[in-house]
Amino acid sequence: MGRHFTVPLIGRALEKNATRMICSNPFPRISTMTFVLAQWLVTIFAVIALMHVYWALGGQWAAAVVVPQVPVRGFVATVRPAFKPSGWLTLVVAAALLTIAALVCMRVGWGMPAVSHKALQWVISAIALLMFARAIGDSNLVGFFKEVKGSRFSRLDTWVYSPLCAILGAGLLAVAWV
């Protein structure tokens, strides 16, 4: 008689504890695909941030093709940079890119415990929307719908920068909500 009642009681107790352990875990398991996607996102954002640090410290490699160019009217048609980015502003962009990489690490638990707070999901989603906005552009110099075309920057923007922003935005949304 004792054996008949103890097995179901032990089974229920184990089931309750297992359910409590699963439900009380504040860090849900991230799928392998999401984790690999996050690693790619972090790597890309970190590399782009390091390039910005390089440019902020005076590096010239690829500097001519990463700033929008506007046509200059005159005897010979040429283009000039639309603006001259300062070193400090470039470092701020690098810090922002590294912050995005850190937020992705926090979300999936790469190098730290995973954070599943809704505020983090919404922050990453807002950054994804900014990436999509950059891909769409300002309808003048950058993005898929830019009006100024024909420069090296505009070709790279059409084929590399804007698609990269769209892909990064989609990846950020996936990491935030999957």
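Keep in mind that this is a model prediction, so the values were computed, not measured.

**Q** Even after reading the chapter, I still don't get helix α3 (residues 87–108), so can you show me in this structure?
**A** Along an α-helix, residues three or four apart share an orientation, since each turn contains 3.6 residues. Look at α3: 32 Å from first C-alpha to last across 22 residues, which is about the 32 Å you get at 1.5 Å a residue. Along α3, the residues classified as buried are Thr90, Ala94, Leu97, Ile100, Ala101, Leu103, Val104, Cys105, Arg107 and Val108. Considering only its buried residues, α3 is in contact with α2 (32–56), α4 (118–136) and α5 (152–177). Gly109 occupies a position one or two residues after α3 and carries a positive phi of about 80°.

**Q** How should I be thinking about the nonpolar core in this particular structure?
**A** Counting residues in each nonpolar core, the largest one holds 24 residues, and the members touching the most others are Leu41, Phe45, Val104, Ile124, Met131, Leu172 and Val175. Elements supplying a minimum of two residues to this core: α2, α3, α4 and α5. When residues in this core are grouped by element, the largest group, eight residues, is from α3. Sequence-distant contacts of Val104, defined by excluding residues within four places in its chain, comprise Ala38, Val42, Leu172 and Val175. Leu141, Val148, Phe153 and Tyr161 belong to the second largest nonpolar core, which has seven residues in total.

**Q** Please explain the packing of α3 against α4 as it appears in this structure.
**A** Two quantities define a packed helix pair, namely the angle between the helix axes and the distance between the axes. One way to put it is that α3 packs onto α4 with a least axis distance of 11 Å and a crossing angle of 140°. The angle between the axes of α3 and α4 places the two elements in the oblique class. α3 and α4 meet at a crossing whose hand is left-handed. The segment α3 lies against α4, with Ile100, Leu103, Met106 and Arg107 engaging Leu120, Gln121, Val123, Ile124 and Ile127. Counted by class, the contact of α3 with α4 contains seven nonpolar, one polar and one charged residues.

**Q** Can you walk me through the pairing of strand β2 (residues 78–81) in this structure?
**A** The two faces of the sheet receive side chains in turn, since in a regular strand these alternate between them. Note that strand β1 (residues 69–72) and β2 share four bridges and pair antiparallel. Residue pairing for β2: Val72 is matched across the bridge by Thr78. Count of turn residues in the β1/β2 antiparallel hairpin: five residues.

**Q** Would you take a moment to explain the packing of α2 against α3 for this structure?
**A** At a minimum axis separation of 8 Å, α2 and α3 run at an interaxial angle of 165°. One finds that α2 runs roughly antiparallel with respect to α3. Regarding α2 and α3, the two cross each other, and that crossing is left-handed. Contact residues: Thr34, Phe35, Ala38, Val42, Phe45, Ala46, Ile48, Ala49, His52, Val53, Trp55 and Ala56 in α2; Gly87, Thr90, Leu91, Val93, Ala94, Leu97, Leu98, Ile100, Ala101, Val104, Cys105 and Val108 in α3. Residues that form the contact of α2 with α3 fall into these classes: 20 nonpolar, four polar and no charged.

**Q** Help me understand the pattern of salt bridges, please; the structure alone is not making it clear to me.
**A** Any two side chains of opposite charge can pair, so long as their charged atoms come close to each other. Applying the stated criterion to the full structure yields two salt bridges. Among the salt bridges present, the one from Arg134 reaches Asp157, with a minimum N-O distance of 2.6 Å. With Arg134 in helix α4 and Asp157 in helix α5, this residue pair connects regions lying 23 residues apart in the sequence. Relative accessible area serves as the criterion here: at 24%, Arg134 is assigned to the partly exposed category. One salt bridge in this structure joins Asp157 and Lys146, with 3.1 Å as the shortest N-O distance. Here Asp157 is found in helix α5, whereas its partner Lys146 is found in the loop between α4 and α5, with 11 residues between them in sequence. Take Asp157 and Lys146: they sit in the same class, and that class is buried. One network of salt bridges, with partners in common, ties together Arg134, Lys146 and Asp157.

**Q** Help me out: how do you make sense of unusual backbone geometry in this one?
**A** Most peptide bonds take the trans form, and the phi angle of most residues other than glycine is negative. Here Ala62, not a glycine, exhibits a phi torsion of approximately 65°, which is positive. Structurally, the position occupied by Ala62 is in the loop between α2 and β1. The residue Ser139 is not glycine, and still its phi comes out positive at about 65°. Residue classification places Ser139 among the partly exposed residues on the basis of a relative accessible area of 40%.

Calculation rules
- Residues numbered from 1 in each chain as written.
- Predicted model: local features only at pLDDT ≥ 70, side-chain atom pairs only at ≥ 80, totals over all residues.
- Heavy atoms only, no water.
- Helix = DSSP H or I, 4+ residues; strand = E, 2+ residues; numbered from the N terminus.
- Expected span 1.5 Å × (residues − 1).
- Buried < 20%, exposed > 50% of the residue type's maximum accessible area, 1.4 Å probe, protein only.
- Contact = heavy atoms within 4.5 Å.
- Core = buried A, V, L, I, M, F, W, Y, C linked by side-chain atoms within 4.5 Å.
- Axes fitted to C-alpha atoms, helices over the stretch in contact; angles between N-to-C directions.
- Parallel < 35°, antiparallel > 145°, perpendicular 65-115°, else oblique.
- Left-handed = near helix turned anticlockwise from the far one by under 90°.
- Nonpolar A, V, L, I, M, F, W, Y, C, P; charged D, E, K, R; others polar.
- Pairing = 2+ DSSP bridges.
- Salt bridge = Lys/Arg side-chain N within 4 Å of Asp/Glu carboxyl O.

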